[in-house]
Amino acid sequence: MTKGQMTKGQMTKGQMTKGRWPVSGSHRRSLTAVFMTATLALTLVGTTVAASSAGAARPAGVPRIHVPRPTVSGPVTGGGGVLAINTQIAEMPQFGYVQDEYFFEGTAQAFDAIGALGSDGHWNVAPSTAAPYKTRMIIRRPSNPARFNGTVIVEWLNVTAQFDTSPDWEYSRIELMRQGYAWVGISAQFIGVDGPVAGLKLLDPVRYGSLVHPGDQYSYDIYSQAARALTHPRGVDPLPGLDAHRLIADGESQSASRMTTYVNAIAPGARQYDAYLIHSRSAGASALSISGAGTTVPNPTFIRTDLSAPVFVFEAETDIPRYAPARQPDTDTLRTWEVAGTAHADEYMIGPVATSVLGCTLPANRGPQHYVFHTALRDLRQWMLKSSRVPPSAPRITLDAQGNVARDADGNALGGIRTPQLDAPIATLSGFGNSPGLCSLFGTTFPFTAGQLQAHYGTRAGYLMQFLIGEAHALDAKFLLADDAFPILGEAINFPYPA
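Just so it is clear, the structure is predicted and the values come from calculations on it, not from any experiment. (Residues numbered from 1 in each chain as written. Predicted model: local features only at pLDDT ≥ 70, side-chain atom pairs only at ≥ 80, totals over all residues. Heavy atoms only, no water.)

A. Highlighting the overall build of the chain. Along the backbone of the chain there are 17 helices and 12 strands. Expressed as a percentage of the 499 residues in the chain, the buried residues total 57%. Relative to all contacts within the chain whose residues are 6 or more apart in sequence, the contacts with residues 24 or more apart total 78%. If you sum the accessible surface of the chain, you get close to 18100 Å²; carbon and sulfur atoms cover 58% of it. (Helix = DSSP H or I, 4+ residues; strand = E, 2+ residues; numbered from the N terminus. Buried < 20%, exposed > 50% of the residue type's maximum accessible area, 1.4 Å probe, protein only. Contact = heavy atoms within 4.5 Å. Areas by Shrake-Rupley, 256 points an atom, 1.4 Å probe, with all protein chains shown as cover.)

B. Layout of the side chain of glutamate 317. Tracing the backbone through its elements, the reader meets glutamate 317 in the loop between β9 (311–316) and α10 (320–323). Engagement of the side chain of glutamate 317 in a polar contact is seen with the backbone nitrogen of glycine 341, the distance being 2.7 Å. If we skip the residues at most four places from it in the chain, glutamate 317 touches Val339, Ala340, Gly341, Thr342, Ile397, Val405, Arg407, Ala413, Leu429, Ser430, Gly431 and Phe432. (Polar contact = N/O pair within 3.5 Å; in protein donor to acceptor, adjacent residues only side chain to side chain.)

C. Examining the side chain of threonine 87 more closely. Relative to the helices and strands, threonine 87 resides in the loop between β1 (71–73) and α3 (92–95). Side-chain polar atoms of threonine 87 contact the backbone oxygen of alanine 84, separated by 3.4 Å. Polar side-chain contacts of threonine 87 include one of 3.2 Å to the backbone oxygen of isoleucine 85. Each residue touching threonine 87, except ones within four places of it in the same chain, is listed here: Arg140, Ser166, Trp169 and Glu170.

D. Fine view of the environment of glycine 411. When you line up the elements, glycine 411 lands in the loop between α13 (369–385) and α14 (420–423). As a C-alpha pair, glycine 411 and leucine 429 span 18 residues in sequence and 7.8 Å in three-dimensional space.

E. View of the nonpolar core. Within the largest apolar cluster, 67 residues are counted, with the highest numbers of intra-cluster contacts made by Val152, Ile266, Tyr273 and Tyr276. Sorting elements by how many residues they give to this core places helix α9 (residues 254–270) first, with eight residues. In contact with tyrosine 276, other than residues within four places in its own chain, are Ala249, Met259, Tyr262, Val263, Ala267, Ala309, Pro310, Val311, Phe312 and Leu380. Residues Met349, Tyr371, Leu480 and Ile488 belong to the second largest nonpolar core, which totals 59 residues. (Core = buried A, V, L, I, M, F, W, Y, C linked by side-chain atoms within 4.5 Å.)

F. Main features of the packing of aromatic side chains. All chains considered together, the criterion is met by 19 aromatic pairs. Measuring from centroid to centroid gives 5.8 Å for phenylalanine 104 and tyrosine 133, while their planes differ by 75°, and the two rings are edge-to-face. Here phenylalanine 104, found in strand β2 (residues 97–113), pairs with tyrosine 133, found in strand β3 (residues 125–142); they are 29 residues apart in sequence, far enough to count as distant. We note that phenylalanine 104, like tyrosine 133, is buried. Residues tyrosine 262 and tyrosine 273 carry aromatic rings whose centres are separated by 6.1 Å and whose planes lie at 80° to one another, so their mutual orientation is edge-to-face. With tyrosine 262 in helix α9 and tyrosine 273 in the loop between α9 and β8 (275–279), this pair connects stretches of sequence that are 11 residues apart. Take tyrosine 273: its relative accessible area is 1%, and that puts it in the buried class. Cluster of aromatic residues (ring-pair linked, three or more members): Trp156, Tyr220, Tyr223, Tyr262, Tyr273 and Tyr276. Above the ring of tryptophan 169, the side-chain terminus of arginine 140 is found at 4.7 Å from the ring centroid. (Phe/Tyr/Trp six-rings, centres within 6.5 Å; stacked < 30°, edge-to-face > 60°. Lys NZ or Arg CZ within 6 Å of the ring centre and 35° of its normal.)

G. Spotlight on the pairing of β9. Counting buried residues in β9 gives six out of six residues, a clear majority hidden from the surface. Residues Val311, Val313 and Glu315 point to one face of β9 and Phe312, Phe314 and Ala316 to the other, with burial holding for every one of them. With four bridges connecting them, β8 and β9 associate as parallel partners. Bridged to histidine 279 within β9 is phenylalanine 314. Pairing between β9 and strand β10 (residues 334–339): six bridges, direction parallel. Paired with glutamate 315 across the strands is glutamate 338, a residue of β10. (Pairing = 2+ DSSP bridges.)

H. Representation of helix α16 (residues 460–476). End to end, α16 covers 24 Å across 17 residues, agreeing with the expected 24 Å (1.5 Å per residue, within 8%). Along α16, the positions that sit buried rather than exposed are Tyr463, Leu464, Phe467, Leu468, Gly470, Glu471, Ala472, Ala474 and Leu475. In the segment just after α16, lysine 478 is the residue with positive phi, at about 70°. (Expected span 1.5 Å × (residues − 1).)

This is the structure we're talking about:
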């Protein structure tokens, strides 16, 4: 068991209510025996620390990008406290986690493209203009330094909703906390800081009035300097008592588009991060600059293949039609997973209240994306620490001749990573079909009728057995974690199967 990892019994106490096991002790023991027999072949692997890829040689022909050390101040006080809208932090105390906020500031540079930006992603850039900036980072970390696993997840906060959000904290928070990561959210973009709808300075001028953002063309360097602030701070240490050995760069949706550009254009020369997690990207990428060659990027844009640091692309079902043109083969440093039955944003991530507030016409997707995302995160860390621990390659979601997701008789997607929720379904879980506005990203859930359930499984015992088989297959294929096996099975046991 790695430092800071919790036992299986401790872990289940930290799950949300739907993942608990509310059955008798004898029932639990018998089901445990069945489950453990089905998954006997599964073996948890440890990790070996390797040389930091952030210090590895640059790809041939890539110019060095100098990344200065910003000045860090904090922990920030005053105003209304840490502003983190629609963020689930209720489980933090039971995992021994605390939250702080720091400011960091300096001079950021924008970049111009050197030559054309090709679809292969092998982009070279040169610094152009420079401007002062001051922004914030949110830090969630173990209060006990002994629980820290040495890895920091640095999430590029998403601004699609016109304010900072942290979708990948929502998806991964249980895995992050039970494994002892530190998580850092970076306000890298102008809208999050100065936005006219819900920017930090507008919502809480007392706390955030001193922040300065010169524009999104500087966001890439701001994000690089965030890494320097975490590993070589000037001024205050934002990770007091923690020795940050490795940094994983992470972005979802709109931030995945920024991350794609960062990986192709900035990462090879700046070398500030040890691994990259690109979650729910489309086929394109974000603009590099506001003038010159960097204003237009090719579509599709592929991930460059000459990086020494591993890159993990994780796609929900919703993303596949618009991402498919950028599909590329797995390599020694690139993996892509596509998860059937999942949505770009789902009920687990946004919460059930958000769907009603936004006026969504249908129930949001309740698929198991977060469980597979847990696996991807753990696999990426192991891969980062030891290059031979490459995550398994995964089948791609099937598309029909029109480029739409192909479906089975129940309306569920074909192909992709399979989970027991898809192999023993109790609902049609789609990445599409909701409305209006942002709701179109939330997918849908259409529960089966009693007649459909009985036609599929006959009895409750038949359903549970099929679910166990599906879960064993997913565990054996290494797309689910043993740590999540009991909470996942608990969902099936808690399901009110019709008498």
